[in-house]
Amino acid sequence: MSGNNNVIEQSLTALLEDESFLPDLQAQTRDQAFKSLVAILSTPNHIHKSFLRVALENGTIVRIPSFRVQHNDTLGPYKGGIRFHESVNEDEVSNLARLMTLKNALHELPFGGGKGGVIINPREYSVKELNLICKKYVQYFNDILGPDKDIPAPDAGTGEREMDWMMAEYKNIHPGEPYRGSFTGKSIINGGSLGRKEATGKGVYFTFKYLMHNFVKDNERWLSEQENRFAMTALRNVDKKLKIAVQGFGNLGSVAAKEAFKCNDLQNNVVAVSDANVMLYNSDGLDIPALIRYTEEHEGDLPQTEKDLSENGIKAVVKERDDLLEIDVDILIMAALENQIYKDNMENIKAEIIVEGANAPITEEADEYLSDKGVLIVPDILANAGGVIVSYLEWIQGRETQFYKEEEIYELLYNKMQSTMDTILPQFFGDPFPLRQNCYIHSVMKLSTVLFRQGKLY
Ligand SMILES: NC(=O)C1=CN([C@@H]2O[C@H](COP(=O)(O)OP(=O)(O)OC[C@H]3O[C@@H](n4cnc5c(N)ncnc54)[C@H](O)[C@@H]3O)[C@@H](O)[C@H]2O)C=CC1
Ligand SMILES: O=C(O)CCC(=O)C(=O)O
């Protein structure tokens, strides 16, 4: 399985070499436990695959490859989104499912890790065809899904419309059974939670803001150590506006950009955003609300030409999409797909902090290179858990058919994220491990303790 295998193994080594961890685990079996945990984390419990047979509106029958990977259920039912994208493949879905196991463990959620994927470009299908694809997905994977078995949610290319359709099909197949907890990320009218749509983007920005306020700016010792390796000048200068670029302007990226735009506590300047086609740049700062209004009216696309921009009164220039990663900014928020920072562009990255809103946007090689250079990388499982945290709240609300107010949801979301950060960040600022490794150590500590208590680790 691709992904951060080295960091996972280093985290397990650090944990098992610490004799105060699981003192009842015999010294001679620590090596055995290490091997068992590597095997558990590197191999999913189940990989389910199917070809969805779908009749298109023009009469053609197509067979669409699709997956549901159930990585690990030690902590509870499998949980994780379903992605509709043409680049989906088995290895990618398996890696994303493993990240869900680690993410849910890190934030103390009662879920295991799963992920789904369908190899399509959703833009190439009509609404009727997409509805059929969603129904078929539930029909084909019906045996393994359910509120106490495996609970999907949105990911790239899917949203509340798809979750509504899927839940409706689940309900059809299981008459008289509880169904509201079978899918999360649904629309409010169909039993979804207030705040779920915004939760991932809000959580990503909250993580960054909390980190800056409570740790980076006041941490003189840490900053001076970084200065030996890397500039960190922007972060030292409290009065300076932080230049931010956001890669990806979909569900997550647009909300994170809006949070940065309207934030009064930090002085931000969102100078660049991109989508699958273009980057928009304005050194004085982009009008994010105007861009969101534009995307809402244009199937999610940003303005693609200078003409689109001027007709809508938006001040920006259109540039090459991938140049966004290399422009001179302080903060890079990744909100598109995997492996965006890699061997060929890692040396050109100028940001001092990279926040991983997307899952696995940096390859293992680039992660190591940038961490060594002193770039502070806020890992996906820490930063982008807002979605699954509010999914958890949606799952509870669906079971109890009692719903929280929007402000209650955000309070619960931020409290949860803050509590994880208050555990992880002091450790990170006090020791030599990168932040990702600190997060993984916490996740595998939780997983292995539960496995040990269940008699599955000797
Ligand atoms: N939606 C959610 O609740 C969660 C999403 N994530 C992760 O966040 C990432 C984005 O997810 P969503 O916002 O839901 O997806 P989305 O489909 O709403 O948006 C993706 C955006 O990225 C853009 N994009 C695609 N390729 C790009 C490229 N090469 N350069 C720049 N932009 C590009 C698309 O045009 C679109 O604007 C994914 O990695 C997903 O796994 C993580 C946690 C939860
Ligand atoms: O809301 C959820 O259950 C899962 C969200 C997700 O797929 C993710 O965090 O990557």
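These figures come from a predicted structure and were not determined experimentally.

Q: What is the right way to look at the sheet that holds strand β3 (residues 78-84) in this model?
A: Hydrogen bonding along the main chain pairs the strands of a sheet, whether they run parallel or antiparallel. One open sheet holds the five strands; their spatial order is β1-β2-β4-β3-β5, and the pairing between them is mixed. Taken across any chain shown, the strands that pair with only one partner, and hence form the sheet edges, are β1 (46-55) and β5 (150-154). Sheet twist, expressed as the mean angle between neighbouring strand axes with direction ignored, is 20°. Note: strand β2 (residues 61-72) against strand β4 (residues 113-118), six bridges, orientation antiparallel. Of the residues in β4, the one forming a bridge with F67 is G117.

Q: Just to check I follow, could you spell out the site of ligand 1 for this structure?
A: In the region of ligand 1, 23 residues are neighbours, and D155, T200, N251, L252 and N359 sit closest. D155 is positioned such that a nitrogen or oxygen atom in its side chain is 2.8 Å from an oxygen atom of ligand 1. Within the contact set of ligand 1, an oxygen atom lies 2.9 Å away from a backbone nitrogen or oxygen of N251. Protein chains bury 86% of the 830 Å² of accessible surface belonging to ligand 1 in isolation. Both of domain 2 (44-179) and domain 3 (197-378) provide at least three residues apiece to the shell around ligand 1.

Q: How should the packing of aromatic side chains be read in this particular structure?
A: For any pair of aromatic rings, geometry is given as the distance between the ring centres together with the angle between the planes. The full count for this structure, using the stated rule, is eight aromatic pairs. Their ring planes at 25° and their centres at 4.4 Å tell us that F206 and Y414 sit as a pair that is stacked. Within this pair, whereas F206 is found in helix α6 (residues 196-216), its partner Y414 is found in helix α15 (residues 406-430), the two being separated by 208 residues in sequence. Here F206 and Y414 have matching classes, each one buried. Both rings, one in Y410 and one in Y414, keep their centres 6.3 Å apart while their planes meet at 20°; by these two values the pair is stacked. One end of the pair, Y410, and the other, Y414, are both in helix α15, four residues apart, so they sit about a helical turn from each other.

Q: Got a minute to help me understand the site of ligand 2 in this structure?
A: Around ligand 2, 13 residues are found, and the nearest of them are K79, G81, K103, K115 and S391. Measuring from an oxygen atom of ligand 2, one finds a side-chain N or O atom of R196 at 3.0 Å. In the environment of ligand 2, an oxygen atom lies 2.6 Å from a nitrogen or oxygen atom belonging to the side chain of S391. Contributing elements (two or more residues each) for the shell around ligand 2: β3, α3 (90-106) and α14 (386-400). Looking at side-chain class alone, the shell around ligand 2 contains three nonpolar, five polar and five charged residues.

Q: I tried to follow helix α10 (residues 288-297) on my own but got confused; where do I start?
A: Because an α-helix completes one turn every 3.6 residues, residues spaced three or four positions apart along the sequence face the same direction. Of all the residues in α10, the buried ones are I288, A290, L291, I292, Y294 and T295. Next to the buried residues of α10 lie α9 (251-262), β7 (268-274), β8 (278-281) and α11 (306-311). Where α10 ends, the next residue or the one after it, E299, has phi of about 50°, a positive value.

Q: Help me understand the UniProt feature "active site" (unreviewed entry) in the chain in this model?
A: When the UniProt feature table is mapped to this numbering, "active site" (unreviewed entry) covers K115. Assignment of secondary structure puts K115 in strand β4. Not counting residues up to four positions away in its chain, the partners in contact with K115 are F67, R68, V69, G80, G81, V93, L96, A97, M100, D155 and N359.

Q: Explanation requested: the environment of G285 in the structure shown.
A: Relative to the helices and strands, G285 resides in the loop between β8 and α10. For the pair G285 and E177, spaced 108 residues apart in sequence, the C-alpha to C-alpha distance is 51 Å. When sequence neighbours within four positions are dropped, the list of residues in contact with G285 reads N269, V270 and V271.

Q: Quick question: what am I supposed to make of the packing of α9 against α10 here?
A: Pairs of packed helices are described in terms of their axes, by the angle between the two and the distance that separates them. At a closest axis distance of 9 Å, the pairing of α9 and α10 adopts a crossing angle of 155°. Taken together, α9 and α10 sit at an angle that is classed as roughly antiparallel. Both α9 and α10 take part in a crossing whose hand is left-handed. Residues S254, A257, K258 and F261 of α9 form the contact with α10, whose participating residues are I288, P289 and I292. Here the contact of α9 with α10 is composed, by residue class, of five nonpolar, one polar and one charged.

Q: Help me understand the nonpolar core, please; the structure alone is not making it clear to me.
A: Here is a general trend for soluble globular proteins: nonpolar side chains tend to be buried in one another's company. Ranked by size, the top nonpolar core spans 93 residues in total, and within it F208, V273, L280, I288, L291 and V355 carry the most contacts. V54, L56, F141 and M167 belong to the second largest nonpolar core, which has 24 residues in total.

Reading guide: rules and limits
Residues numbered from 1 in each chain as written. Chains lettered and ligands numbered in written order. Predicted model: local features only at pLDDT ≥ 70, side-chain atom pairs only at ≥ 80, totals over all residues. Heavy atoms only, no water. Pairing = 2+ DSSP bridges. Helix = DSSP H or I, 4+ residues; strand = E, 2+ residues; numbered from the N terminus. Axes fitted to C-alpha atoms, helices over the stretch in contact; angles between N-to-C directions. Near = heavy atom within 4 Å. Polar contact = N/O pair within 3.5 Å; in protein donor to acceptor, adjacent residues only side chain to side chain. Areas by Shrake-Rupley, 256 points an atom, 1.4 Å probe, with all protein chains shown as cover. Domains from an automatic or database assignment. Phe/Tyr/Trp six-rings, centres within 6.5 Å; stacked < 30°, edge-to-face > 60°. Buried < 20%, exposed > 50% of the residue type's maximum accessible area, 1.4 Å probe, protein only. Nonpolar A, V, L, I, M, F, W, Y, C, P; charged D, E, K, R; others polar. Contact = heavy atoms within 4.5 Å. UniProt positions renumbered as here; feature names shortened; annotations may be inferred. Parallel < 35°, antiparallel > 145°, perpendicular 65-115°, else oblique. Left-handed = near helix turned anticlockwise from the far one by under 90°. Core = buried A, V, L, I, M, F, W, Y, C linked by side-chain atoms within 4.5 Å.

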